[in-house]
Amino acid sequence: MTGRLNSAQPYVLGLFRIVVGLLFTCHGAASLFGVLGSSSIPAGTWPGWYAAMIQLIGGPLVLLGLGTRAAAFLASGSMAYAYFKVHQPAALWPMENGGEASVMFCWAFLLLVFTGSGAFGVDRLFARRASAGAERPAAEKTPVTA
């Protein structure tokens, strides 16, 4: 049973990454453009507008699995900042201060920093191509000129 679970791990991790990236992107779109029942944040407003930009750029990167670790690191840090600067001063627990989403996104992205993109990620596609290129003999890599 453990072998089957381990073989499914990259796929489940890939699906997790896609869902988290999509939800994060939706938060950014809602904040910047006033869609999905939210009002928009005025451009340049600190820290909300900048957090929304991180969400709108980092979310799709994580969703696609492109630069996953770096995008997830930045997203995790922005959510930690959001929790400790915006939510936590109001009350200690996330249930009391409305910071559940910030905490969950922070920890979800921190997990992706350490696990990588999993299956279905563009990162994996590039890694596969790079390893395939490294395995070819030197004679095949040398261009032929006429």
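It should be noted that the structure appears before, not after, this text.
Computed from a predicted structure; not experimentally measured.

With respect to the overall build of the protein chain
Alright, step 1. For the protein chain, the count of helices and strands is seven helices and zero strands.
Alright, step 2. Counting helices and strands in the order they occur from the N terminus, the protein chain gives α-α-α-α-α-α-α.
Alright, step 3. A principal-axis box enclosing the C-alpha atoms of the protein chain has dimensions of 70 × 50 × 25 Å.
Alright, step 4. The proportion of buried residues among the 146 residues of the protein chain is 31%.
Alright, step 5. Residue pairs in contact within the protein chain that sit at least 24 positions apart in sequence constitute 64% of those at least 6 positions apart.
Alright, step 6. For the protein chain, the computed accessible surface area is about 9300 Å², with 71% contributed by carbon and sulfur atoms.
Alright, step 7. Averaging the locations of the 9 positively and 5 negatively charged side chains of the protein chain gives two centres separated by 8 Å.

Overview of the side chain of Ser78
Alright, step 1. Checked against the element boundaries, Ser78 lands in helix H3 (residues 68-87).
Alright, step 2. Ser78 sits in the buried class, given a relative accessible area of 11%.
Alright, step 3. Separated by 2.9 Å, the side chain of Ser78 and the backbone oxygen of Ala75 make a polar contact.
Alright, step 4. Other than its neighbours up to four places away in sequence, Ser78 contacts Phe24 and Ile54.

Description of helix H2 (residues 48-64)
Alright, step 1. In this model, H2 (17 residues) spans 24 Å end to end at C-alpha, consistent with the 24 Å of a helix rising 1.5 Å per residue.
Alright, step 2. Along H2, the largest kink reaches about 25 degrees and is centred on Gly58; proline Pro60 follows within four residues of it.
Alright, step 3. When H2 is considered as a whole, its buried residues turn out to be Ala51, Ala52, Gln55, Gly58, Gly59 and Val62.
Alright, step 4. Gly65 sits one or two positions beyond H2 and adopts a positive phi of about 75 degrees.

Focus: the packing of aromatic side chains
Alright, step 1. Under the definition given, this model contains eight aromatic pairs.
Alright, step 2. Each ring, one from Trp49 and one from Tyr50, has its centre 5.0 Å from the other, and the planes form 90 degrees; the classification is edge-to-face.
Alright, step 3. You can call Tyr50 partly exposed: its relative accessible area is 37%.
Alright, step 4. One aromatic cluster is present, built from ring pairs that chain together Trp46, Trp49, Tyr50 and Tyr81.

Thresholds applied
- Residues numbered from 1 in each chain as written.
- Predicted model: local features only at pLDDT ≥ 70, side-chain atom pairs only at ≥ 80, totals over all residues.
- Heavy atoms only, no water.
- Helix = DSSP H or I, 4+ residues; strand = E, 2+ residues; numbered from the N terminus.
- Buried < 20%, exposed > 50% of the residue type's maximum accessible area, 1.4 Å probe, protein only.
- Contact = heavy atoms within 4.5 Å.
- Areas by Shrake-Rupley, 256 points an atom, 1.4 Å probe, with all protein chains shown as cover.
- Lys, Arg positive; Asp, Glu negative; His and termini not counted.
- Charge placed at Lys NZ, Arg CZ, Asp CG, Glu CD.
- Polar contact = N/O pair within 3.5 Å; in protein donor to acceptor, adjacent residues only side chain to side chain.
- Expected span 1.5 Å × (residues − 1).
- Bend = angle between axes of the 7 residues up to and from the residue.
- Phe/Tyr/Trp six-rings, centres within 6.5 Å; stacked < 30°, edge-to-face > 60°.

Limitation: the analysis is restricted to geometry and does not speak to function.
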